[in-house]
Amino acid sequence: MQGKCKMCGMCCRLSLTTMSEEEWTMDIEELLALKGKQYIDTVTLGTQRIRRYASTANCPHLNLITNKCSIQGHKPKECKDYPRNDRDLMLCGFPGCGYHI
């Protein structure tokens, strides 16, 4: 994992879900659709094929004008540690994001 955060805020604007092709079933696809998630694409991470789904779901603590967290000093560990690994980066991959694999 390389790069650094450019404070684009995209990781706080989208709700992302991934699953391996082995985990995928039509039942899961229907459940994700009920939750408003749409299939984006399938990408390869090492030897594994990963299906990506997303829905717009702004974090309630994201200032949409400044792209900054309104609870920066108290934000959850999951947010502080993001991205944690290459799979997180595969989720990310937003235009303008400073991280890359």
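Cut-offs used in this document
- Residues numbered from 1 in each chain as written.
- Predicted model: local features only at pLDDT ≥ 70, side-chain atom pairs only at ≥ 80, totals over all residues.
- Heavy atoms only, no water.
- Helix = DSSP H or I, 4+ residues; strand = E, 2+ residues; numbered from the N terminus.
- Buried < 20%, exposed > 50% of the residue type's maximum accessible area, 1.4 Å probe, protein only.
- Contact = heavy atoms within 4.5 Å.
- Areas by Shrake-Rupley, 256 points an atom, 1.4 Å probe, with all protein chains shown as cover.

Help me understand the overall build of the protein, please; the structure alone is not making it clear to me.
A count of helical and extended segments in the protein gives 3 helices and 7 strands. Ordered by position in the sequence, the α and β elements of the protein form the string β-β-α-β-β-β-β-α-α-β. Taken over 101 residues, the protein has a buried fraction of 26%. The contacts in the protein between residues at least 6 apart in sequence include a share of 62% that link residues at least 24 apart. On the protein, roughly 6800 Å² of surface is accessible, and the fraction owed to carbon and sulfur atoms is 54%.

Any chance you could explain the side chain of R51 here in plain terms?
Structurally, the position occupied by R51 is in strand 4 (residues 48-56). Note on R51: relative accessible area 15%, which makes it buried. Discounting residues that sit within four places of it in the chain, R51 has contacts with T17, T18, M19, E21, W24, E29, Y39, D41 and T42.

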